[in-house]
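# An overview of the molecular structure
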Amino acid sequence: MQRNASLPCVHSLRVHGVVEESIVDGPGLRFVVFTQGCLHGCPGCHNPATHSFGEGYETTPQALLTQFATNPLLAGVTFSGGEPFLQPEPLAFLAKQVHALGKTVVVYTGYTLEALYPLAQERPAVASLLEQTDLLIDGPYVAALRELDSGLKGSSNQRILDNEAIGSLWNVLQLRQGNVPNG
Amino acid sequence: MAKQIVKRDGCSVLFDSSKILNAIAKANKAVGEEEITATGLLFVTEEVCRLLEARSLSNVEEIQDVVEEVLIRFGFSKTAKAYILYRAEHTKIRDAETYLMDIYKKLTWAPAKEEDIKRENANIDGDTAMGTMLRYGSEGSKFFIDNYVLPKDAAAGHANGDIHIHDKDFYMLTETCCQIDLIRLFKKGFSTGHGYLREPNSIESYAALACIALQANQNEMHGGQSIPNFDFAMAQGVNKTFRKEYVAAFACFLEVKNELDAAEAVARTEVLLQGLPYQPTLGNGEAFGQALLACHGETMRPLLAKTHLHATQKAIQATRRRTYQAMEAFIHNLNTMNSRAGAQVPFSSVNYGTDVSAEGRMVVENLLLATKAGLGNGETSIFPVQIFKVKAGVSFNPEDPNYDLFRLAMETSARRLFPNFSFLDAPFNAQYYREGDYNSEVAYMGCRTRVIGNVYDTERQVTCGRGNLSFTTVNLPRLGLEAKGNTAAFFTLLDERIDLVFRQLLHRFKVQGSKKVYNYPFLMGQGIWLDSEHLKWEDSIEEVLKHGTLTIGFIGLAEALYALLGKHHGQCEQAQALGLQIVQHLRRRADEKARETGLNFSLIATPAEGLSGRFVALDKQRYGTLEGITDKDYYTNSFHVPVSFSIAAFRKIQLEAPYHALTNAGHISYVELDGDASKNLEAFETIVRFMHAQGVGYGSINHPLDRDPVCGYIGVIDDCCPRCGRKEGEGVSEEALLQLKKQYHDVPM
């Protein structure tokens with residue numbers, strides 16, 4: 001997806017916590033931000049403590065970026081959750097700063113890309129975050145389809161989409177919407 | 001006069017008054033003054049005998065009481081005192097003997113899981129006949145060393161936990177370890193001391209004889225055995241195998257193509273391949289083909305070209321297959337073959353990664369593939385400890401000839417925990433490196449031992465034929481506690497300990513140096529140890545031993561810093577600065593001692609995990625449970641940041657790397673990864689490259705392997721367990737488990 005030139009600086013987001021160095025949340029060593037708050041409620045979720053919206057703590061993209069930048073080994077940042085797309089503004093901003101450092105961005109979401117599309121119509125930052133995403137693992141966790149062999153996915157219904165795949169699927173969604181009269 | 005006396009064990013022996021006289025004479029001599037003349041001695045003895053008879057005494061203890069009484073009565077009070085001391089000391093030894101017999105009883109009757117003493121060495125099965133026999137020997141030896149051999153200060157320091165003399169039971173016997181040059185050993189064959197072996201001629205024999213060499217040497221030394229140049233050594237076996245396969249395939253092609261009988265085809269092959277400037281090898285296929293064609297007439301050339309092509313392809317295939325099987329057998333052998341009276345497998349290490357020849361590369365590729373595949377049903381093997389040599393220009397960068405092997409090594413390590421990685425570009429290692437000379441490449445023995453520098457013979461700063469002679473470790477946390485927060489006091493105490501360790505190492509070296517070549521028929525008799533090939537069977541080995549290292553080690557830097565500053569080096573910069581100062585001091589003292597004696601005194605980051613538990617237990621007794629110091633089961637390994645302290649990998653590497661440069665007798669840093677590294681090689685490589693950049697000498701990346709709680713399998717488990725075949729949530733029948741137990745020692749019951 002084409003990346004927009006500028007994004008507004010957003011001051012805060014609610015997170016459950018961070019992992020400074022993870023090897024299980026995308027390629028290379030990654031700084032993982034677990035956002036707080038999720039509506040999917042997938043049975044068997046491995047992070048149920050991140051579901052409520054009241055817990056966790058407030059922080060700023062700048063604070064996270066500062067912490068991220070001290071570690072020379074990091075390949076990039078991973079947004080996990082919680083549901084990252086419920087706080088797309090600060091995350092899109094942080095993702096852009098991470099890109100500016102030459103590092104990559106991986107995002108986990110319980111939405112499918114198709115489900116994100118209508119959200120993006122109301123909240124432009126959803127699209128901005130997708131633009132800043134190098135690798136998206138999308139779709140809810142389905143316990144019956146649990147699959148560990150691939151390494152990144154939790155269940156086989158989920159997809160691993162790179163930025164190019166996100167872009168072309170997004171285009172398809174736009175076309176499809178354009179074909180429906182009066183959208 | 002009593003005709004019989006009753007000894008302590010209840011048996012009677014004939015009374016002999018000269019024994020009384022000798023004992024009094026000895027006691028008198030020990031005093032050095034108050035001299036009793038010969039007549040005086042006779043007089044006193046007679047008086048003792050008279051009293052014994054008068055009182056009808058015949059028991060040894062009673063006799064000794066009378067001796068004391070008579071000495072005091074006649075005014076020889078100092079002699080009496082010496083006599084009493086002598087008696088007390090022997091009582092102590094006798095008590096200790098009872099103690100030893102108690103140990104023997106435990107070794108004999110109690111199951112290993114109930115007795116710590118039977119589990120002291122994890123590699124020995126204390127429940128088996130040979131394991132127990134080995135432990136009898138070890139315990140008996142320790143008793144002998146403690147009571148009759150060690151200087152008093154060293155014995156006391158070891159017993160109370162100031163220092164730890166490693167492999168003390170072998171004090172009178174041998175040295176720690178050796179880096180074996182198989183290329184030299186194999187030339188013209190060798191004898192293990194039990195049988196003579198010809199020079200090997202195929203990769204299978206090279207690999208089998210490598211195991212035999214490790215095994216034979218393991219039986220003569222108490223530490224690990226290492227092959228520092230595994231790829232270079234095995235490459236020669238691949239070379240010989242390829243040549244034979246080439247010739248055979250060449251003959252085979254002629255046999256079919258020209259409809260010759262087999263013998264005729266072989267004879268023709270011989271003629272055709274005669275008189276060429278060189279032999280066919282794995283790497284020179286094209287050049288050899290051209291030379292072959294150039295040697296023969298126009299009419300022969302089309303046939304020869306086809307034959308050569310066929311022979312080359314077949315030989316490559318066959319050699320690869322045979323090399324894989326040879327490497328697989330090598331690993332299997334080293335995990336199953338016995339040494340030390342059949343109670344242990346040899347503690348083996350192999351270093352490789354810098355041979356860029358086609359043969360050497362084939363060896364490493366197949367060793368890694370076999371390691372990755374695992375033992376039997378995909379089990380993770382423990383031996384040999386494998387060390388991949390990382391070197392820019394050879395194996396480190398994508399354009400390097402062995403970069404592909406480095407990648408494969410990481411892939412293998414991510415699945416099997418081995419190989420570890422050694423860094424030849426670290427400045428302290430690079431100073432010895434000469435391109436193309438394996439003897440100048442630093443190798444590490446599995447536990448981390450490093451031997452290359454040589455003050456005894458500066459022309460011979462080499463890897464092969466050398467090893468550690470012995471090492472002794474200082475308990476740093478205790479010094480920290482004794483110093484009570486006073487850094488200057490700490491260094492004063494540290495110097496005292498260092499002096500003690502140096503004295504003790506030299507004492508042990510004297511013992512070791514008194515040995516002869518015939519005490520080590522393989523190590524010295526076969527010329528494995530540097531310069532031993534110039535010695536005769538009855539010669540002393542003292543001079544050649546000087547190529548080895550005498551090493552001081554340390555444990556618990558983190559706890560010592562905590563005792564001094566209330567923080568360890570992972571927590572504050574001041575602690576890191578002091579930590580470096582302490583280890584620099586240890587190194588400086590070792591260097592000074594080396595210059596003074598011309599012996600290779602050196603400093604090691606002590607590995608022993610069992611020892612770190614012993615020290616902490618002793619200090620807990622003495623000082624109680626202290627937060628951050630004795631409130632744990634183990635002192636932290638050498639200079640490591642405590643395992644329980646949460647720290648990012650890059651910080652840990654940055655903090656520990658400077659200590660690698662200081663510990664010239666060996667070091668290792670571990671990075672723990674949380675998750676399956678085999679699915680994220682990029683992360684794995686990032687860390688190895690950072691170790692390289694920071695000047696780490698030897699590093700290892702650990703990651704939790706999965707363990708199936710039902711069948712005990714340890715390794716990477718995805719959806720299905722490779723050993724018992726169950727998926728998560730499924731069970732395994734009792735019967736199937738019992739069957740697995742016979743095959744695998746670690747099935748939980």
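## Some remarks on the environment of Phe230(B)
Position of Phe230(B) among the secondary structure elements: in helix α9 (residues 230-257). Among residues more than four places away in sequence, those in contact with Phe230(B) are Met327(B), Phe330(B), Val350(B), Asn351(B), Tyr352(B), Val363(B) and Leu367(B).

## Here's the deal with the side chain of His99(A)
Residue and element names in this part refer to chain A. Within the element layout of this structure, His 99 appears in helix α2 (residues 88-100). The class for His 99 is buried, based on a relative accessible area of 17%. For His 99, the side chain forms a polar contact with the side chain of Asp 134, separated by 2.7 Å. Those residues in contact with His 99 that sit more than four places away from it in its chain are Arg 3, Thr 104, Val 105, Gln 132 and Asp 134.

## Looking at the sheet that holds strand β3 (residues 163-165) of chain B
Residues and elements named next belong to chain B. Taken together, four strands build an open sheet; the order of strands is β3-β11-β12-β13 and the sheet is mixed. A single partner strand is all that each edge strand has here, and the edge strands are β3 and β13 (600-605). Put simply, the sheet's adjacent strands are angled 25° from each other on average, direction ignored. Taken together, the six bridges between strand β12 (residues 549-555) and β13 define a ladder with parallel strand orientation. Of the residues in β13, the one forming a bridge with Leu 550 is Phe 601. Against the sheet, helix α17 (residues 487-513) engages β3, β11 (468-475), β12 and β13, with an angle of about 155° to β11.

## Things to note about the packing of helix α20 (residues 573-597) of chain B against helix α22 (residues 649-662) of chain B
Residues and elements named next belong to chain B. At a minimum axis distance of 10 Å, the contact between α20 and α22 shows a crossing angle of 10°. Between α20 and α22, the crossing angle belongs to the class labelled roughly parallel. Where α20 approaches α22, its residues Gln 576, Gly 579, Leu 580, Val 583, Gln 584 and Arg 587 are matched on the opposing element by Leu 655, Pro 658, Tyr 659, Ala 661 and Leu 662. Residue composition of the contact of α20 with α22, by class: seven nonpolar, three polar and one charged.

## Let's talk about the pairing of strand β5 (residues 104-108) of chain A
All names here are of chain A. Counting buried residues along β5, four of its five residues qualify, which places the element largely inside the surrounding structure. Pairing analysis gives four bridges linking strand β4 (residues 76-80) to β5, with the strands arranged parallel. Opposite Phe 79, over in β5, you have Val 107 as the bridge partner. Note on the crossover from β4 through α2 to β5: the handedness is right-handed. As defined by bridge partners, β5 adjoins strand β6 (residues 135-138) across three bridges and the pair is classed as parallel. Paired with Val 107 across the strands is Leu 136, a residue of β6.

## Overview of helix α1 (residues 61-69) of chain A
Residue and element names in this part refer to chain A. The set of residues buried in α1 consists of Pro 61, Leu 64, Leu 65 and Phe 68. The arc enclosing the buried residues of α1, seen along the axis, measures out at 100°, which places them on a common side. In the core, the buried residues of α1 are packed alongside β1 (13-22), β2 (30-35), β3 (57-59), β4 and α2.

## Brief notes about the sheet that holds strand β4 (residues 178-179) of chain B
Residue and element names in this part refer to chain B. Spatially, seven strands are ordered β4-β7-β8-β9-β10-β15-β14 in an open sheet, and the strand pairing comes out mixed. Edge positions in the sheet fall to β4 and β14 (669-672), since each has one partner strand and no second. With two bridges joining them, strand β10 (residues 420-423) and strand β15 (residues 698-702) adopt antiparallel strand pairing. Its bridge partner lying in β15, Ser 422 is registered against Tyr 698.

## Notes on the packing of helix α11 (residues 285-294) of chain B against helix α12 (residues 301-336) of chain B
When two helices pack together, their arrangement is given by the angle between the helix axes and the distance between those axes. Residues and elements named next belong to chain B. The geometry of α11 relative to α12 is characterised by a closest axis approach of 10 Å and an angle of 155° between their N-to-C directions. Taken together, the axis directions place α11 and α12 in an arrangement best described as roughly antiparallel. Helix-helix and strand crossings are classified by hand; for α11 and α12 the assignment is right-handed. Contact residues: α11 offers Gly 285, Phe 288, Gly 289, Leu 292, Leu 293 and Ala 294, while α12 offers Arg 301, Leu 304, Ala 305 and His 308.

## Thoughts on empty space enclosed by the protein
Residues and elements named next belong to chain B. This model, assessed by the stated rule, comprises two cavities of 30 Å³ or more. There is about 40 Å³ of room inside the largest cavity. Considering the residues around the largest cavity, the lining is formed by Thr 371, Thr 380, Ser 381, Pro 384, Gln 386, Arg 416 and Phe 418. For the lining of the largest cavity, the residue count by class is two nonpolar, four polar and one charged. By volume, the second largest cavity amounts to about 30 Å³. Considering only residue class, the lining of the second largest cavity consists of three nonpolar, three polar and one charged.

## Remarks on the interface of chain B and chain A
Between chain B and chain A, the residue contacts involve 18 residues of the former and 19 residues of the latter. At the boundary of chain B with chain A, total buried surface from both sides reaches about 1500 Å², with 61% on carbon and sulfur atoms. A per-residue breakdown of the area chain B buries against chain A is headed by Phe650(B), Asn680(B) and Asp719(B), which together make up 32% of the total. Viewed at the interface, chain A and chain B are joined by zero salt bridges. At the level of elements, α22 and α23 (681-694) of chain B are the ones that each hand at least two residues to the side of chain B that touches chain A. The residue inventory of the side of chain B that touches chain A, partitioned by class, reads eight nonpolar, three polar and seven charged.

## Quick notes on the environment of Lys516(B)
All names here are of chain B. The residue Lys 516 is located in the loop between α17 and α18 (542-545) in this model. A relative accessible area of 27% places Lys 516 in the partly exposed class. Each C-alpha atom, one on Lys 516 and one on Glu 538, is 5.8 Å from the other, the two residues being 22 residues apart in sequence. Apart from residues lying up to four places away in sequence, Lys 516 is in contact with Trp 537, Glu 538, Asp 539, Ser 540 and Ile 541.

## Some points on the domain arrangement of chain B
All names here are of chain B. For chain B, the assigned domains read domain 1 (4-94), domain 2 (97-149), domain 3 (151-176 + 467-646) and domain 4 (706-743). Just the C-alpha atoms count here: the centres of domain 2 and domain 3 sit 24 Å apart. Opposite the seven residues of domain 2 that make contact, domain 3 presents seven residues. Surface buried jointly by domain 2 and domain 3 totals about 630 Å² across both partners, of which 63% is contributed by carbon and sulfur atoms. If you sort the residues of domain 2 by the area they bury against domain 3, Ile 145, Asp 146 and Val 149 come out on top, with a joint share of 65%. One can count one salt bridge joining domain 2 with domain 3. Between Lys 168 and Asp 146 there is a salt bridge, and its shortest N-O distance comes to 2.9 Å. Viewed at the interface, domain 3 and domain 2 are joined by three residue pairs in polar contact (both at pLDDT 80 or more). Its residues assigned to classes, the side of domain 2 that touches domain 3 comprises three nonpolar, two polar and two charged.

Definitions and cut-offs
- Residues numbered from 1 in each chain as written.
- Chains lettered and ligands numbered in written order.
- Predicted model: local features only at pLDDT ≥ 70, side-chain atom pairs only at ≥ 80, totals over all residues.
- Heavy atoms only, no water.
- Helix = DSSP H or I, 4+ residues; strand = E, 2+ residues; numbered from the N terminus.
- Contact = heavy atoms within 4.5 Å.
- Buried < 20%, exposed > 50% of the residue type's maximum accessible area, 1.4 Å probe, protein only.
- Polar contact = N/O pair within 3.5 Å; in protein donor to acceptor, adjacent residues only side chain to side chain.
- Pairing = 2+ DSSP bridges.
- Axes fitted to C-alpha atoms, helices over the stretch in contact; angles between N-to-C directions.
- Parallel < 35°, antiparallel > 145°, perpendicular 65-115°, else oblique.
- Nonpolar A, V, L, I, M, F, W, Y, C, P; charged D, E, K, R; others polar.
- Right-handed = clockwise from strand over helix to strand, strands pointing away.
- Arc of directions from axis to C-beta.
- Left-handed = near helix turned anticlockwise from the far one by under 90°.
- 1 Å grid on protein atoms, 1.4 Å probe; cavity = no way out; pocket = protein on both sides within 12 Å on 5 of 7 lines; lining within 4 Å.
- Points joined across faces, edges and corners; volume = space filled by probe spheres on them.
- Buried area = accessible area lost by both parts, 1.4 Å probe.
- Salt bridge = Lys/Arg side-chain N within 4 Å of Asp/Glu carboxyl O.
- Domains from an automatic or database assignment.

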